[in-house]
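Structural characterization, general
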Amino acid sequence: WSAQKLYGGAKDAIGNKDYVKAIKYLEKLEARYPYGRYAQQAQLEIAYAHWKDGERASAIAAADRFIKLYPNHPNVDYAYYLKGLINFHDQQGAILSWATNPDMSDRDPKGTREAFLALKEVVTRFPQSRYAEDAAARMRYLVNSLASFEVHVARYYMNRRAYLAAANRAQYAIQNYPQAPALEEAVLIMVRA
């Protein structure tokens, strides 16, 4: 098969939501034609297909690989955006499938921070990108989520009567997330602590 036929087959497979087949075609394309014009785009498509197939770690690795190999590529903004989306949706993942109103503030914020940093790259390095506006909106949501996490931890410390730790956590939230809605409770916790 030619590079164009492999790429077309992969795009058809993605369109049919057959991500395993798409990944197979894209990996063959990349192996057989590593310097062709389709090879670079295939790396981005591999990241997308892994994400849609539920393989979060492979998707992030593929996006990171593209960013490292082609830092000046015209579509590198999409790689950062995709990396942010993968982490963003990982935070909402399985809980949203069975919970009607999940509280994300009591979950580990590592994925939230990684999503924020990737989306921040899109907004700061590529302000004219077509992904910048959506990335900025998602960043606002993530900042609110991170602030809520800090307040959640401060609330936990208050319940444990660890007043100094509660005050420090609330102060951290106030200093680092000044526009977040959760700061009202953070101030209240600081006063009570």
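Refer to the structure above for everything that follows.
Residues numbered from 1 in each chain as written. Predicted model: local features only at pLDDT ≥ 70, side-chain atom pairs only at ≥ 80, totals over all residues. Heavy atoms only, no water.

**Some details on the overall build of the protein**
Rule in force here: Under the DSSP-based scheme used, a helix requires at least four consecutive residues in state H or I and a strand at least two consecutive residues in state E, with every element numbered from the N terminus. To get the radius of gyration, use the C-alpha atoms; to get the globule rule, take the number of residues to the power 0.38 and multiply by 2.2 Å. Exposure classes here rest on a 1.4 Å probe applied to the protein chains alone. A residue is buried below 20% of its type maximum, exposed above 50%, and partly exposed in between. Contact between two residues is taken to exist if any of their heavy atoms lie within 4.5 Å; hydrogens are not considered. Every accessible area reported is derived by Shrake-Rupley at a probe size of 1.4 Å, with residue values counting cover from the shown protein chains alone. For the charge count, each Lys or Arg is scored as positive and each Asp or Glu as negative, with His and the chain ends excluded. Note that the charge is assigned to NZ on lysines, CZ on arginines, CG on aspartates and CD on glutamates.
Counting its secondary structure elements, the protein contains nine helices and zero strands. Secondary structure of the protein in N-to-C order comes out as α-α-α-α-α-α-α-α-α. In terms of overall dimensions, the protein is more spread out than a globule: its C-alpha atoms have a radius of gyration of 21 Å, far above the 16 Å expected for 193 residues. If one aligns the C-alpha atoms of the protein with their principal axes, the spans along those axes are about 70 × 35 × 20 Å. Counting the 193 residues in the protein, one finds 44% classified as buried. Considering only contacts in the protein between residues 6 or more positions apart, those separated by 24 or more positions represent 55%. With the model as given, the accessible surface of the protein reaches about 11100 Å², and the carbon-plus-sulfur share is 51%. Side chains of the protein give 26 positive and 20 negative charges; the mean places of these two sets differ by 2 Å.

**So, the packing of helix α7 (residues 132-159) against helix α9 (residues 183-192)**
Keep this limit in mind: To obtain an axis, a line is fitted to C-alpha atoms, over the contacting stretch when the element is a helix, and the angle between two such axes runs from 0 to 180 degrees between their N-to-C directions. Every angle not falling under 35 degrees, over 145, or within 65 to 115 is termed oblique; those three ranges are roughly parallel, roughly antiparallel and roughly perpendicular. Crossing chirality is assigned from the near helix's rotation relative to the far helix, an anticlockwise turn below a right angle marking it left-handed and a clockwise turn marking it right-handed. Put simply, Ala, Val, Leu, Ile, Met, Phe, Trp, Tyr, Cys and Pro go in the nonpolar bin, Asp, Glu, Lys and Arg in the charged bin, and everything else, Gly too, in the polar bin.
For the pair α7 and α9, interaxial distance at closest approach is 10 Å and the crossing angle is 25°. Of the possible angle classes, the one that applies to α7 and α9 is roughly parallel. For the crossing formed where α7 meets α9, the hand is left-handed. Across the interface between the two elements, Val 151, Ala 154, Arg 155 and Met 158 of α7 pack against Glu 185, Ala 186, Ile 189 and Arg 192 of α9. Classifying every residue of the contact of α7 with α9 by side-chain character gives five nonpolar, no polar and three charged.

**What about α7?**
Stated precisely, the cut-off is as follows: Each helix should span, by expectation, one fewer than its residue count multiplied by 1.5 Å.
Over its 28 residues, α7 extends 40 Å from the first C-alpha to the last, a length consistent with the 40 Å expected when each residue adds 1.5 Å. Positive backbone phi, at 65°, marks Arg 161, one or two positions downstream of α7.

**Examining the packing of helix α3 (residues 37-52) against helix α4 (residues 56-69)**
What describes two packed helices is the angle between their axes and the distance between those same axes. At a minimum axis separation of 7 Å, α3 and α4 run at an interaxial angle of 160°. Classified by the angle between their axes, α3 and α4 sit roughly antiparallel to one another. Note that α3 runs across α4; the crossing there is left-handed. Contacts between α3 and α4 involve Gln 40, Gln 43, Leu 44, Ile 46, Ala 47, His 50 and Trp 51 from the first element and Ser 58, Ala 59, Ala 62, Ala 63, Arg 65, Phe 66 and Leu 69 from the second. Of the residues contributing to the contact of α3 with α4, the split by class is nine nonpolar, four polar and one charged.

**With respect to a positive patch on the surface**
Applied cut-off: Residues forming no salt bridge and having over 30% relative accessible area are the ones grouped into patches, like charges within 9 Å of each other and nonpolar side chains (Val, Leu, Ile, Met, Phe, Trp, Tyr) within 5 Å. Note on definitions: salt bridges are taken to be side-chain nitrogens of Lys or Arg within 4 Å of carboxyl oxygens of Asp or Glu.
There is a patch of like positive charges on the surface, built from Lys 21, Lys 24, Lys 28 and Arg 32. Relative accessible area serves as the criterion here: at 44%, Lys 24 is assigned to the partly exposed category.

**Let's talk about the side chain of Ser 129**
To be explicit about the condition: Any pair of nitrogen or oxygen atoms within 3.5 Å is treated as a polar contact; in protein, a donor-acceptor pairing is required on top of that, and neighbouring residues in sequence qualify only through side-chain atoms on both sides.
When you line up the elements, Ser 129 lands in the loop between α6 (110-125) and α7. Taking the relative accessible area as the measure of exposure, Ser 129 reaches 13% and is therefore buried. Here the side chain of Ser 129 touches Tyr 131 through a polar contact of 3.1 Å, landing on its backbone nitrogen. Those residues within four positions of Ser 129 in sequence are excluded, and the remaining contacts are Asp 77 and Val 122.

**Notes on unusual backbone geometry**
It is generally the case that most residues other than glycine have a negative phi and that most peptide bonds are trans. Residues other than glycine seldom take positive phi values, yet Lys 17 does so here, at roughly 60°. Relative to the helices and strands, Lys 17 resides in the loop between α1 (3-15) and α2 (19-32). For Arg 161, which is not glycine, the phi dihedral falls at a positive 65°. Looking at where Arg 161 falls in the secondary structure, it is placed in the loop between α7 and α8 (163-176). Residue Arg 161 is classed as exposed on the basis of its relative accessible area of 64%.

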